[in-house]
Each structure stands twice: as structure tokens, then as C-alpha cells.
Amino acid sequence: MLKTKNMTLILIGIMLFSLLLTIVGITLPISRKSDKIQEAGSQSMLSSDAIAIAMGHYSATSLRLLQEYPSESAAYRSLCGLLERMREHYGFQDVYTVTRNNMGYFYVLDSQYVQSEIKGYHSIGSDFSFDLYGKEVKQLLDDIYDGNSTGGFVQKAIQSEDGTFIVVAAPVMDGDKVLTVLCMDISLNDIQFHKLWFINFNYVSWICGALFVLSAGALFYLHYHGNQKRRKAKGVAESPVEDEAGK
């Protein structure tokens with residue numbers, strides 16, 4: 001009886017400990033992901049602000065003309081080349097500008113024009129679709145154009161064929177008017193949310209989750225087996241009494 005009680009306490013201890021580690025293995029990467037997105041977005045905002053200010057100061061006239069008369073002119077190629085050099089220097093996934101009119105948002109510049117054979121290139125004047133980017137990016141762009149924001153980044157990672165990324169946006173100003181919005185896709189593929197030093201929290205959650213299920217099953221079996229033994233012992237104890245009553 002004492003042995004069974006000790007085994008029960010051990011199994012309960014294993015269950016609680018494995019459950020705790022499973023919860024940690026699931027929740028800690030989520031928390032780390034949020035922190036890493038905040039860090040990546042904040043760092044990229046410094047670069048985007050500097051690029052947007054420079055473009056507004058030196059290229060406002062060219063950008064106005066390109067928005068009014070979209071064409072792959074020398075000015076367009078030059079500005080796309082500038083964004084491509086920025087993309088390579090800072091290691092961004094993509095750099096582009098989008099502008100709003102009565103019809104919605106459309107692309108103006110795209111750094112990938114320099115490598116236009118890439119399927120991700122968007123030609124000047126093409127619609128900016130939110131099917132991939134989602135409502136958070138739309139809200140960010142709307143806030144910038146409506147004067148409610150001076151730039152920012154989305155807090156939620158966006159899933160694509162190439163992995164996950166976030167969008168950082170900063171206004172390119174023409175005086176006190178938003179001329180266009182500089183956007184940068186920041187890849188999160190190289191950030192290890194599930195690893196801390198040598199610990200892989202995916203393995204921790206799977207292994208501890210399995211241990212929790214096994215220990216719960218063992219505890220159930222031990223409890224069931226104990227009940228069976230008690231019923232059997234009770235039945236044996238009652239048999240002599242029944243025999244004597246029959247006599």
C-alpha cells in the first residue's frame with residue numbers, strides 16, 4: 001500500500017513538472033518572437049527614416065513626375081537602383097514605395113527592378129494588394145497618409161513562400177504632404193525564436209508533452225489496478241461470511 005502511494009506521488013510530480021516544461025516550451029518562443037520583432041522593427045526604423053528623409057529632399061520632383069506619368073524612365077531606374085543598394089547594404093528582403101490615390105495603393109519604386117527577372121518584382125503603377133500583407137499593413141499605411149503616424153512597423157509576422165517577415169514604413173515628405181511611403185520587408189527567417197543557447201524549445205515541448213501523457217496514463221492505470229485489487233480483496237473477504245450464513 002505504501003509502495004503504491006509513493007509511486008502515485010512520483011507520477012503526480014512527473015506530470016506537474018512535465019506540464020510546466022511543456023507550457024514553457026510553447027509560451028517562451030512566442031514571447032521571444034514578440035521581442036525579436038520589436039527589436040528588428042525598431043532598428044530598421046532608424047534606417048527607413050534616414051532613407052525617406054534623403055529621398056524627400058533630393059528626389060521629390062522625380063517621384064511626383066513618376067506618380068503622375070508612370071514609366072521606366074532614367075529617373076525610375078536610378079531610384080530603383082538606389083533602393084537596391086540600400087537593400088543590399090542593410091540586408092533587407094525588399095525595399096519599395098507605395099502611393100495612395102482614389103483607387104487605392106499602387107507601387108512606384110521597387111528595388112527588385114534591378115533584378116526584374118525575379119518573380120517578386122512589381123512594375124510601376126501596379127496595384128499594391130493586401131491579400132498577402134494583410135489589414136495591419138493597410139492600417140499602418142492609412143495612418144501615415146491620414147497624418148496619424150510618422151512611420152512604424154507591424155507587430156505581427158507575415159507568412160509568405162519565402163518565409164516570415166515584417167513591414168517597416170516611413171513617409172517620404174514633400175513639404176508637409178506625404179508624397180509616397182517607403183516600405184521595407186524585413187526577413188525573420190534567420191532569427192531563431194525556438195532556440196536559446198543549446199536548448200531547442202520545440203523539442204522541450206514535444207518531449208515533455210509526451211512525458212506528461214505517459215505519466216498521466218501510468219497514473220490512471222495505477223489507480224485502476226488498485227481499485228481492481230481492492231474490489232477483489234473485498235469479494236474474498238465477504239465470501240466466508242456468505243458461506244456461514246448459508247449453513
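Look above for the structure.
All of the points below concern the structure found in this document. None of the values given here were measured: they were computed from a predicted structure.

**Side note on the packing of aromatic side chains**
Phase 1 of the analysis: Going through the model one piece at a time under the given rule, you end up with twelve aromatic pairs.
Phase 2 of the analysis: Judged by centre distance (5.9 Å) and plane angle (75 degrees), the rings of Y133 and F165 are edge-to-face. You can see Y133 sitting in helix α4 (residues 130–145) and its partner F165 sitting in strand β5 (residues 163–174), a full 32 residues away along the chain.
Phase 3 of the analysis: By the ring-pair criterion, three or more aromatic residues cluster together here, those being Y96, Y105, Y107, F128, F130, Y133, Y145 and F165.

**Some points on the packing of helix α2 (residues 60–68) against helix α3 (residues 74–90)**
Phase 1 of the analysis: Taken N-terminus to C-terminus, the directions of α2 and α3 make an angle of 120 degrees; their axes are 10 Å apart at the nearest point. Handedness of the α2/α3 crossing: left-handed. Across the interface between the two elements, S62, L63 and L66 from α2 touch A75, Y76 and L79 from α3.
Phase 2 of the analysis: For the contact of α2 with α3, a count of residues per class yields five nonpolar, one polar and no charged.

**What about the pattern of salt bridges?**
Phase 1 of the analysis: Tallied over the entire structure, the rule returns five salt bridges.
Phase 2 of the analysis: Across the pair R87 and E84 runs a salt bridge whose closest N-O atoms are separated by 2.9 Å. Taken together, the positions of R87 and E84, both in helix α3 and three residues apart, correspond to about one turn of that helix.
Phase 3 of the analysis: By relative accessible area, which is 17% here, R87 ends up buried.
Phase 4 of the analysis: A salt bridge links D146 to R100, with the nearest nitrogen and oxygen atoms 3.0 Å apart. You can see D146 sitting in the loop between α4 and β3 (152–153) and its partner R100 sitting in strand β1 (residues 94–101), a full 46 residues away along the chain.
Phase 5 of the analysis: Residue class for D146 comes out partly exposed when judged on its relative accessible area of 46%.
Phase 6 of the analysis: Exposure remark for R100: the relative accessible area of 30% places this residue in the partly exposed category.
Phase 7 of the analysis: Sharing partners across several salt bridges, the network here consists of R100, K138, D142 and D146.

**With respect to the nonpolar core**
Phase 1 of the analysis: Grouped together as the largest cluster of nonpolar side chains are 52 residues, with contacts concentrated most on L109, F128, Y133, V137, L141, V167 and V181.
Phase 2 of the analysis: Contributions of two or more residues to this core are made by α1 (2–58), α2, α3, β1, β2 (104–110), α4, β5 and β6 (177–187).

**So, α2**
The α-helix advances 3.6 residues per turn, and as a result positions three or four apart in sequence lie on the same side.
Phase 1 of the analysis: For α2, the complete set of buried residues consists of A60, L63, L66 and Q67. The buried side chains of α2 occupy one side of the element, clustering within an arc of 125 degrees when seen end-on.

**Quick look at the pairing of β1**
A regular strand places its side chains so that they alternate between the two faces of the sheet.
Phase 1 of the analysis: β1 sits mainly inside the fold: six of its eight residues count as buried.
Phase 2 of the analysis: Here β1 runs beside β6; their pairing, made up of five bridges, is antiparallel. The partner of V95 across the bridge, within β6, is M184.
Phase 3 of the analysis: As paired strands, β1 and β2 are joined by five bridges and run antiparallel to one another. The partner of N101 across the bridge, within β2, is G104.
Phase 4 of the analysis: Adjacent in sequence and paired antiparallel, β1 and β2 are bridged by two residues.

The rules we used
Residues numbered from 1 in each chain as written. Predicted model: local features only at pLDDT ≥ 70, side-chain atom pairs only at ≥ 80, totals over all residues. Heavy atoms only, no water. Phe/Tyr/Trp six-rings, centres within 6.5 Å; stacked < 30°, edge-to-face > 60°. Helix = DSSP H or I, 4+ residues; strand = E, 2+ residues; numbered from the N terminus. Axes fitted to C-alpha atoms, helices over the stretch in contact; angles between N-to-C directions. Left-handed = near helix turned anticlockwise from the far one by under 90°. Contact = heavy atoms within 4.5 Å. Nonpolar A, V, L, I, M, F, W, Y, C, P; charged D, E, K, R; others polar. Salt bridge = Lys/Arg side-chain N within 4 Å of Asp/Glu carboxyl O. Buried < 20%, exposed > 50% of the residue type's maximum accessible area, 1.4 Å probe, protein only. Core = buried A, V, L, I, M, F, W, Y, C linked by side-chain atoms within 4.5 Å. Arc of directions from axis to C-beta. Pairing = 2+ DSSP bridges.

Everything listed here is a matter of geometry and, on its own, says nothing about what the molecule does.
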